[in-house]
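Overview (structure and organization)
These are the residues of each chain, in order.
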Amino acid sequence: MNTYTKESLFLSQAQSFNFELNAEQILEKALEVGFVVKIDNDLYQVNEDYDEVSQDDIEYQNDTY
């Protein structure tokens, strides 16, 4: 079971977003797409059934932010 805090999620994923999103934005996106689920105050579990994001989704995210 992999878990993250908002800060540890940011540190592990910021590069994926070219450091253009802050910790709150990355957490919101991770929750929105189902990459993580909240399990406690500032503790999030990785959804083991999560399918990786497609290139189309990445381009959409870049256009959105």
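Each chain carries its own residue numbering, running from 1 in the written order of its sequence. Restriction of local features to residues with pLDDT of at least 70 applies here, the model being predicted, together with a cutoff of 80 or more for giving and counting side-chain atom pairs; totals for whole chains, interfaces and linings are based on all residues. Water and hydrogen atoms play no part in the side-chain values, which are based on all heavy atoms of the structure.

1. What about the nonpolar core?
- The criterion is simple. A nonpolar core is a set of buried Ala, Val, Leu, Ile, Met, Phe, Trp, Tyr and Cys residues joined through side-chain atoms within 4.5 Å. Accessible area is worked out with a 1.4 Å probe on protein chains only. A residue is then buried under 20% of its type maximum, exposed over 50%, and partly exposed in between. If you look at the biggest cluster of nonpolar residues, it comprises 12 residues: Tyr4, Leu9, Ala14, Phe17, Leu21, Ile26, Leu27, Ala30, Phe35, Val36, Tyr44 and Val46.
- For the purposes of this entry, the term helix denotes a DSSP run of H or I that reaches at least four residues, the term strand denotes a run of E that reaches at least two, and both are numbered from the N terminus. Elements represented by at least two residues in this core include exactly helix H2 (23–33) and strand E3 (43–46).
- Ranked by residue count, the leading element in this core is H2, at 3 residues.

2. As for the packing of aromatic side chains
- Ring pairs are drawn from Phe, Tyr and Trp, using the six-membered ring of Trp, whenever the two centres fall within 6.5 Å, and their geometry is named by plane angle: stacked under 30 degrees, edge-to-face over 60, tilted for the rest. Inspection of the entire model under this criterion finds 1 aromatic pair.
- Ring geometry for Phe35 and Tyr50: centres 5.4 Å apart, planes at 80°, overall edge-to-face. A residue pair is termed long-range when its members are at least 10 positions apart, and Phe35 in the loop between H2 and strand E2 (36–40) and Tyr50 in the loop between E3 and helix H3 (55–64) qualify at 15 residues.

3. Observations concerning the packing of helix H1 (residues 6–13) against H2
- Interaxial distance between H1 and H2 falls to 9 Å at its minimum, and their mutual angle equals 90°. The angle between H1 and H2 falls in the class roughly perpendicular. Of the residues in H2, those in contact with Lys6, Leu9, Phe10 and Gln13 of H1 are Ala23, Glu24, Ile26, Leu27 and Ala30.
- Broken down by class, the residue content of the contact of H1 with H2 amounts to 6 nonpolar, 1 polar and 2 charged. Between N-to-C directions, angles span 0 to 180 degrees; the directions come from axes that are lines fitted to C-alpha atoms, helices contributing only their stretch in contact. Note that the term roughly parallel is reserved for angles under 35 degrees, roughly antiparallel for angles over 145, roughly perpendicular for angles of 65 to 115, and oblique for everything else. Any two residues having at least one pair of non-hydrogen atoms within 4.5 Å are treated as being in contact. Asp, Glu, Lys and Arg are counted as charged, while Ala, Val, Leu, Ile, Met, Phe, Trp, Tyr, Cys and Pro are counted as nonpolar; the rest, among them Gly, fall into the polar class.

4. Re the pattern of salt bridges
- The working definition used for a salt bridge is a side-chain nitrogen of Lys or Arg within 4 Å of a carboxyl oxygen of Asp or Glu. The final tally for this structure, using the stated rule, is 2 salt bridges.
- When the shortest N-O distance is used, the salt bridge between Glu24 and Lys6 registers 2.9 Å. Residue Glu24 is found in helix H2, and its partner Lys6 is found in helix H1; the two are separated by 18 residues along the sequence.
- Judged by its relative accessible area of 35%, Glu24 is partly exposed.
- Glu32 is the partner of Lys29 in a salt bridge, and the nearest nitrogen-oxygen pair spans 3.3 Å. Of this pair, Lys29 and Glu32 both sit in helix H2, 3 residues apart, which is roughly one turn of the helix.
- Judged by its relative accessible area of 57%, Glu32 is exposed.

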